[in-house]
Amino acid sequence: MDSNKKCKCMLCDEGKGLGDLYEWEEAQMAKHGWYVHFVGGQPAGDQFVNAHTHGLDHTWKHPDFQIVVMLDERNMKAILDTFVDRVKAGEKFSAGMEVEHIIKNMPVRLVDAIEAKRKVLRIVFPDKNGLFPGDPGVAPAMGRQVELEV
């Protein structure tokens, strides 16, 4: 996140307190069974974010998902929505899977990761040439997705 941009979360932008956040989370769980957190300004740099789901483990007995590559917020939400819709339809995902029909014309991969002391499935994106972390010639920033601690 650009340090000159103000955070758009309810705590920073709307001046709400932690109690309001916890209330919102509880309401989302009651209404939808899950919710998304977008955490910008990661120590890893402006190219990275910590967008992740909460609640899938409780509602559908499935690991939550995480995105660490900085994408447009709407695109990140759409990708997480697609995964959650597929989980709700009964599909099970696990680390090591290559998943089609998430982004246009290219698969994504899933790896185990830790987010705030809990195990999640990190969605790993290919670079513009279709290369993943570990592939020779992968774009440097995209190659860091697996190793990042956010």
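This structure is a prediction, so every number in the text was calculated from the model and none was measured.

## Thoughts on the sheet that holds strand β4 (residues 98-103)
Then comes step 1: Spatially, β1-β2-β3-β6-β5-β4 is the arrangement adopted by the six strands of the open sheet, whose pairing is mixed. With partners counted over all chains shown, the strands left at the sheet margins are β1 (35-39) and β4, one partner each. Each strand axis lies, on average, 35° off the axis of its neighbour in the sheet, ignoring direction.
Then comes step 2: Across five bridges, the pairing between β1 and strand β2 (residues 48-54) is antiparallel. In the sheet register, Tyr35 faces β2, and the bridge partner there is His54.
Then comes step 3: Set on the sheet, helix α1 (residues 18-32) makes contact with β1 and β2; between it and β1 the angle comes to about 140°.
Then comes step 4: The strands touched by helix α3 (residues 73-88) are β1, β2, β3 (64-69), β4, β5 (106-115) and β6 (118-124); relative to β4, the strand with the most contacts, the crossing angle is about 125°.

## Overview of the confidence of the model for the protein chain
Then comes step 1: When pLDDT is averaged along the protein chain, the result is 86; 85% of the residues meet or exceed 70.
Then comes step 2: A low-confidence stretch, residues 1-6 (pLDDT under 50), is modelled with eight contacts involving residues beyond four sequence positions or located in other chains.

## Concerning the pairing of β2
Then comes step 1: Counting buried residues along β2, seven of its seven residues qualify, which places the element largely inside the surrounding structure.
Then comes step 2: Neither face of β2 is exposed, since Phe48, Asn50, His52 and His54 on one face and Val49, Ala51 and Thr53 on the opposite face are all buried.
Then comes step 3: In terms of strand pairing, β2 meets β3 through three bridges, oriented antiparallel. Note that in β3 the partner of Phe48 across the bridge is Val69.

## Some words on the packing of aromatic side chains
Then comes step 1: If you walk through the whole model with that rule in mind, you get three aromatic pairs.
Then comes step 2: With a centroid separation of 5.9 Å and 75° between ring planes, the pair formed by Phe65 and Phe93 is classed as edge-to-face. Of this pair, Phe65 sits in strand β3 while Phe93 is found in the loop between α3 and β4, placing the two residues 28 residues apart along the sequence.
Then comes step 3: An angle of 75° between the planes, with centres 5.0 Å apart, marks the rings of Phe83 and Phe93 as edge-to-face. Here Phe93 lies in the loop between α3 and β4 and Phe83 lies in helix α3, a separation of 10 residues in the sequence.
Then comes step 4: Exposure remark for Phe83: the relative accessible area of 0% places this residue in the buried category.
Then comes step 5: Since its relative accessible area comes to 5%, Phe93 is described here as buried.
Then comes step 6: The structure contains a cluster of three or more aromatic residues connected by ring pairs, namely Phe65, Phe83 and Phe93.
Then comes step 7: A cation over an aromatic ring shows up here: Arg109 above the ring of Phe132, its NZ or CZ 3.9 Å from the ring centre.

## Points about the nonpolar core
Then comes step 1: Counting 24 residues, the largest nonpolar core has Phe65, Ile67, Phe83, Phe93, Leu110, Ile123 and Phe125 as the members making the most contacts within it.
Then comes step 2: Secondary-structure elements contributing two or more residues to this core are β2, β3, α3, β4, β5 and β6.
Then comes step 3: It is α3 that contributes the most residues to this core, six residues altogether.
Then comes step 4: Apart from residues lying up to four places away in sequence, Phe83 is in contact with Phe65, Phe93, Val99, Ile102, Val108, Leu110 and Ile123.

Conventions adopted
- Residues numbered from 1 in each chain as written.
- Predicted model: local features only at pLDDT ≥ 70, side-chain atom pairs only at ≥ 80, totals over all residues.
- Heavy atoms only, no water.
- Pairing = 2+ DSSP bridges.
- Helix = DSSP H or I, 4+ residues; strand = E, 2+ residues; numbered from the N terminus.
- Axes fitted to C-alpha atoms, helices over the stretch in contact; angles between N-to-C directions.
- Contact = heavy atoms within 4.5 Å.
- pLDDT = per-residue confidence, 0-100.
- Buried < 20%, exposed > 50% of the residue type's maximum accessible area, 1.4 Å probe, protein only.
- Phe/Tyr/Trp six-rings, centres within 6.5 Å; stacked < 30°, edge-to-face > 60°.
- Lys NZ or Arg CZ within 6 Å of the ring centre and 35° of its normal.
- Core = buried A, V, L, I, M, F, W, Y, C linked by side-chain atoms within 4.5 Å.

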